[in-house]
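# Structural characterization, general
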Amino acid sequence: MKEQIRPESLPKHIAIIMDGNGRWAKKKGAARIFGHKNAIKAVRDVTEGSAELGVKFLTLYAFSTENWNRPKLEVKALMELLVLTLGRETNTLMKNNIRLKTIGDLEKMPDSVKKGLEKLKEEGYQSIFDTIM
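Let me begin by describing the structure that accompanies this report. Computed from a prediction, not measured in an experiment: that's the story for all the values here.

Once that is clear, we can look at the overall build of the chain. In terms of helices and strands, the chain carries four helices and four strands. Starting at the N terminus and ending at the C terminus, the chain contains elements arranged as β-α-α-β-α-β-α-β. Evaluated residue by residue, the chain yields a buried proportion of 25% over its 133 residues. Partitioning the intrachain contacts of the chain with sequence separation of at least 6 by distance along the chain shows that 72% fall at a separation of at least 24. On the chain, roughly 9700 Å² of surface is accessible, and the fraction owed to carbon and sulfur atoms is 55%. A gap of 4 Å separates the mean positions of the 24 positive and 17 negative side-chain charges of the chain.

See the structure below:
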């Protein structure tokens, strides 16, 4: 399949709004966080596929200011899932020469998330992290 794709026809930047994971889980009779956890595989597939095809920029819009209005337990689970997933996927990001940029107001993030991101940076992964405010 990859052989059929002309590199010059690929966009340089792809942006994805990650939405509907909770509704997907609810339709399956599961908790909303089940949908968020399953989205990790989709993100991995898109990220690896984009890198393999040579897409230069991939933007994943994952958490809007409106998301802070979700139930506190769901927001907490999403924040924990973020740090856990980044910890698990950092080696893959580095191996694929993928740079992670956080965009937006990180000051509103819980201290545990900020500390988790800092810990990853301190463990030698700072080369993949960048913050744009």
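The next point concerns the packing of aromatic side chains. According to the stated counting rule, one finds two aromatic pairs in the structure shown. A centroid spacing of 5.7 Å and a plane angle of 5° characterise the contact between W24 and F34, whose relative ring orientation is stacked. Of this pair, W24 sits in helix 1 (residues 21–27) while F34 is found in helix 2 (residues 32–53), placing the two residues ten residues apart along the sequence. W24 gets classed as partly exposed once you look at its relative accessible area, which sits at 37%. Accessibility expressed as a relative area gives 37% for F34, which makes it partly exposed. Aromatic pair F63 and W68: ring centres 4.8 Å apart, planes at 75°, arrangement edge-to-face. Residue class for F63 comes out partly exposed when judged on its relative accessible area of 25%.

Two side chains bearing opposite charge may form a pair once their charged atoms approach each other closely. One pass over the structure, following the stated rule, counts nine salt bridges. Measuring nitrogen to oxygen at the nearest pair gives 2.9 Å for the salt bridge that ties E89 to R44. Pair noted here: E89 is in helix 3 (residues 72–95) and R44 is in helix 2, with a separation of 45 residues, a long-range link. By relative accessible area, which is 16% here, E89 ends up buried.

Rules and cut-offs
- Residues numbered from 1 in each chain as written.
- Predicted model: local features only at pLDDT ≥ 70, side-chain atom pairs only at ≥ 80, totals over all residues.
- Heavy atoms only, no water.
- Helix = DSSP H or I, 4+ residues; strand = E, 2+ residues; numbered from the N terminus.
- Buried < 20%, exposed > 50% of the residue type's maximum accessible area, 1.4 Å probe, protein only.
- Contact = heavy atoms within 4.5 Å.
- Areas by Shrake-Rupley, 256 points an atom, 1.4 Å probe, with all protein chains shown as cover.
- Lys, Arg positive; Asp, Glu negative; His and termini not counted.
- Charge placed at Lys NZ, Arg CZ, Asp CG, Glu CD.
- Phe/Tyr/Trp six-rings, centres within 6.5 Å; stacked < 30°, edge-to-face > 60°.
- Salt bridge = Lys/Arg side-chain N within 4 Å of Asp/Glu carboxyl O.

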